[in-house]
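# Coordinate analysis (summary)
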Amino acid sequence: MIDLKNLRQELIESGLTTQEAEEKLKQFGKNELPEGRKETLLQKFINQFKNFLIIILIFASIISAFFGEFVDSIVILAIVILNAILGVIQEQRAENALEKVKKLTSPTSTVLRDGKITKIPSNEIVPSDILLLEAGDKVQADGIVVKEVSLFVDESMLTGESVPVKKNSCLGEITEDCKVYMGTTVVKGKARVLVTETGINTQLGKIATKISETKKEKTPLEVQLDNIGKLLGILFLIVSAIIFMLGWLRGGKILDMLLTSVSLAVAAIPEGLPAVVTIVLAIGVFEMAKRNAVIRNLPAVETLGAVTYICTDKTGTLTQNKMKIVAVFEDGKINSELNISERLKRAMILCNDAEKDRGDPTEIALIDFIDDKEIREVRSKFERISEIPFTSESKRMTTIHKFGNEYLVVSKGASEVILELSKFAKIDSKIVELSIEKKQELLKIVEENAAKGLRILAFADKIIPNLHEATEENLVFLGFVMMKDPLRMEVKDAIDKCRSAGIRPVMITGDHPITAYAIAKELDFPEGEVLTSSDLENISDDELTKIVENVSIFARINPLDKLRIVEALQKKNEVVAMTGDGVNDAPALKKADIGVSMGLTGTEVAKEASDMVLLDDNFATLVSAVFQGRTIFENIRKFIVYLLSCNIAEVMIMFFALLLGYPPPLLPLHLLWLNLVTDSFPALALGMEKGEEDLMKKPPRRKKEPILTRYHYGIIITQSIAITLSTLLGFILSYKRTGNLDEARTIAYMVLVISELLRAYSGRSFEGYLFKIGVFSNMFMNFSFVFGIILLLATIYVPQLRFIFKNTLPTVLESLDILLLAFIPFVISEVSKIIRKDEYGR
Ligand code: ATP
């Protein structure tokens with residue numbers, strides 16, 4: 001128990017020293033909750049065998065060993081084990097990629113260490129740390145409040161009670177209303193908290209240890225693929241069973257035919273499909289993270305590609321958030337020399353939480369040009385005794401200071417808000433009453449300057465004899481400070497990309513409508529209406545839904561209105577990405593199809609509510625994330641189309657050969673080896689394909705569009721038929737000519753492997769022929785190809801392997817035939833790219 005009376009005052013003022021913190025970290029351990037149990041490598045390996053077909057295969061090969069087929073049996077087992085190892089490696093890769101991404105989003109906290117305000121990873125918080133909290137923070141440890149300004153905390157995740165609770169500072173006795181708990185969020189105000197418990201000792205930790213087993217949920221894509229996989233699985237099983245029957249009836253040995261048909265099923269059933277999709281998603285997500293867009297949950301990647309609307313903040317996202325004062329309006333005049341009266345300057349210094357090197361950029365700009373000594377002197381002469389913090393709803397901030405026997409109230413904020421609170425104005429050092437006409441005149445000045453894209457803050461103050469009058473009214477208007485926030489250069493290009501990609505950008509800002517309009521114009525935003533929160537108050541949800549698609553700018557918006565905007569757009573079937581940074585943005589971020597939070601300026605609450613975090617707060621990063629999202633989705637389609645066309649071909653080859661009265665053209669070993677060569681690496685390589693430029697010249701994928709459309713099934717059908725025909729042709733012609741089954745099988749096997757590897761190359765783009773996208777531009781594909789060819793040639797030219805696979809050495813003429821036949825499906829695929837048009841004209 002912490003004895004507050006004996007608590008070192010200096011601890012509250014300057015926090016722990018780094019050394020103390022290090023010692024405590026050793027003593028108490030990291031501030032982490034236990035994670036769900038992870039699978040060990042061995043468990044993962046064993047899981048690979050929890051497959052009905054694999055078990056039958058192993059069983060059948062063991063039986064065949066009893067009948068003397070030792071070599072076959074051992075090689076089959078070896079291939080099955082190799083496949084399992086490959087599966088484990090892939091899973092491990094996916095997990096590692098995800099783990100790295102998770103680290104990028106791990107929360108940080110602000111603490112006092114060595115007297116300095118320091119940001120640390122939240123897992124390094126130790127007991128006795130002094131935690132600084134403000135609106136939007138997630139409390140990352142249990143503690144007691146030692147100082148606070150109108151602190152309200154949302155404890156719903158612990159208590160289920162959704163009304164925020166007021167917390168006070170502990171004065172002596174520690175009561176419930178001065179304790180804060182890990183996992184709760186600060187919705188309002190600020191506080192200094194003395195950490196009492198961390199990690200599993202916190203209230204949350206005690207609950208979490210009981211429910212640490214986490215279940216992984218499947219993404220909608222995985223569900224779709226599971227269904228496709230199951231359907232094909234059943235179909236292939238039936239065909240395999242028919243093949244078994246046919247082969248047996250035609251005089252094949254039962255055991256041989258069993259091995260053959262089970263191997264075929266193992267090779268053809270795409271049981272690994274969902275896993276490969278997860279890997280590709282995870283690797284894609286990691287690539288995106290390298291480009292500053294961190295996806296917090298995998299399904300978001302799919303949705304990204306379907307985004308039709310991007311609702312974006314202005315400050316920091318479209319602009320650089322590097323404010324600089326360019327002019328001041330005071331005493332009826334504008335001056336750009338920054339000759340500022342003492343009184344206005346005092347207001348700028350006092351009604352301000354920033355230091356020159358830290359804080360809100362708007363507030364930093366207000367003191368940046370003032371001498372450090374002057375700032376210190378003013379702040380110590382006018383001691384701040386109370387404040388009403390800035391919120392995006394009130395659009396103002398007020399501080400109350402004591403000097404001598406009097407008090408000073410200073411407010412700053414949006415121009416119309418401050419003018420509304422002002423009864424007087426300071427003009428040429430005289431205080432005059434502020435008439436309605438005068439206010440109109442001042443607002444006109446605001447509009448004129450806002451049209452230059454400037455951000456304008458108004459200041460007012462009043463001196464009062466006692467605290468009863470410390471209200472935000474009857475203020476004396478002091479002047480306007482006008483700031484420039486430079487645009488981000490890359491945004492214009494990104495807006496352009498949105499236009500060609502069929503995505504509409506919409507600006508949602510707390511700033512003045514005219515400032516917003518000027519900036520939108522400069523950035524080439526699509527033309528459209530401008531609406532403000534007060535406009536929104538006067539229209540119903542239905543009316544908003546009717547007009548929402550024509551609005552380009554929502555200005556002077558309260559964060560809670562963002563939710564209405566998202567809902568209206570969604571009613572119009574739009575897929576909405578919405579950015580946000582504050583606590584009150586959280587509902588809209590949750591509701592949006594893609595909630596996007598800001599890595600630099602975003603609160604923990606906003607980050608937690610979002611699907612994606614922009615590490616650099618940049619709109620252009622968001623647009624390139626959409627491109628990445630489209631790329632990943634398209635790549636997933638590419639390898640599914642590839643895998644299915646190959647696998648269906650394999651089944652058809654076996655089926656039609658037997659139907660036509662021939663023996664099986666491929667042996668079990670051929671099938672399993674083929675599965676090893678073509679299923680894993682080339683498929684993954686397709687998943688790594690770089691995005692095609694054309695992707696951002698097409699409209700977004702429709703929301704409900706399935707992973708495979710008629711267009712894709714068309715490709716699968718033509719390609720599987722082409723591969724089947726080539727292989728069967730090679731097999732039948734050779735068998736007829738030589739009567740040598742092994743020779744014919746070798747040819748079938750080689751044609752099939754090579755044509756599948758070539759299929760992978762052609763499958764790198766649905767529409768761009770290979771020479772256009774660059775034959776060798778996917779290194780991973782080149783490696784897979786070479787690796788595949790080596791594995792193929794090894795089974796032909798290494799005598800021992802040739803013997804095991806019952807292959808023969810092809811003659812020169814046969815080799816030419818093989819190449820010719822293998823190239824036929826490839827040529828058909830490339831030529832049809834030119835002829836075929838996507839059913840949607842894309
Ligand atoms: P965006 O929503 O695009 O980020 P914004 O930064 O202008 O734009 P808010 O932060 O909600 O949006 O600010 C709304 C308005 O409140 C601003 O236009 C400004 O007039 C006023 N304002 C901003 N910061 C402060 C502050 N620190 N103190 C007082 N008033 C402020």
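It should be noted that the structure appears before, not after, this text.
These numbers were taken from a predicted model, which means no experiment stands behind them.

## With respect to the packing of aromatic side chains
With the rule as written, the count across this model stands at 15 aromatic pairs. When the ring of tyrosine 662 is compared with that of phenylalanine 731, the centres are 6.2 Å apart and the planes differ by 75°; the resulting orientation is edge-to-face. With tyrosine 662 in the loop between α24 (619-659) and α25 (668-679) and phenylalanine 731 in helix α27 (residues 710-738), this residue pair connects regions lying 69 residues apart in the sequence. Residue tyrosine 662 is classed as buried on the basis of its relative accessible area of 14%.

## Re the pairing of strand β21 (residues 551-555)
Counting buried residues along β21, five of its five residues qualify, which places the element largely inside the surrounding structure. Where strand β19 (residues 504-508) meets β21, two bridges bridge the pair, whose relative direction is parallel. Paired with isoleucine 508 across the two strands is phenylalanine 554, which belongs to β21. Note that strand β20 (residues 529-532) and β21 share four bridges and pair parallel. What sits directly across from glutamate 529, in β21, is valine 551.

## What to know about the pairing of strand β13 (residues 396-403)
Both faces of the sheet carry side chains from a regular strand, because those side chains alternate between them. A large share of β13 lies buried, amounting to six of its eight residues. As defined by bridge partners, β13 adjoins strand β14 (residues 406-414) across eight bridges and the pair is classed as antiparallel. Looking across to β14, one finds that arginine 396 is bridged to glycine 413. Where β13 hands over to β14, the hairpin turn is made up of two residues, of which glycine 404 adopts a positive phi near 60°.

## Details of the site of the ligand
In the vicinity of the ligand lie 20 residues, with Lys314, Thr315, Arg455, Thr509 and Gly510 positioned nearest. In the model, an oxygen atom of the ligand is placed 3.0 Å from a nitrogen or oxygen of the threonine 315 main chain. Threonine 509 is positioned with one of its side-chain polar atoms (N or O) 3.0 Å from an oxygen atom of the ligand. Out of a free accessible area of 600 Å², the ligand has 91% covered by protein chains.

## Remarks on the sheet that holds strand β9 (residues 309-312)
Spatial strand order, β8-β24-β23-β22-β9-β19-β21-β20: eight strands in an open sheet with mixed pairing. Looking at strand neighbours, the two that pair on one side only are β8 (293-295) and β20, the edges of this open sheet. Shown here is a sheet whose adjacent strand axes are inclined to one another by a mean of 20°, direction ignored. Two elements, β8 and strand β24 (residues 612-614), share three bridges in a ladder whose sense is antiparallel. Directly across from isoleucine 295, in β24, lies its bridge partner methionine 612. Sheet strands in contact with α24 are β8, β9, β19, β22 (576-580), β23 (594-598) and β24, and its direction is about 160° off that of β9.

Conventions adopted
Residues numbered from 1 in each chain as written. Predicted model: local features only at pLDDT ≥ 70, side-chain atom pairs only at ≥ 80, totals over all residues. Heavy atoms only, no water. Phe/Tyr/Trp six-rings, centres within 6.5 Å; stacked < 30°, edge-to-face > 60°. Helix = DSSP H or I, 4+ residues; strand = E, 2+ residues; numbered from the N terminus. Buried < 20%, exposed > 50% of the residue type's maximum accessible area, 1.4 Å probe, protein only. Pairing = 2+ DSSP bridges. Near = heavy atom within 4 Å. Polar contact = N/O pair within 3.5 Å; in protein donor to acceptor, adjacent residues only side chain to side chain. Areas by Shrake-Rupley, 256 points an atom, 1.4 Å probe, with all protein chains shown as cover. Axes fitted to C-alpha atoms, helices over the stretch in contact; angles between N-to-C directions. Contact = heavy atoms within 4.5 Å.

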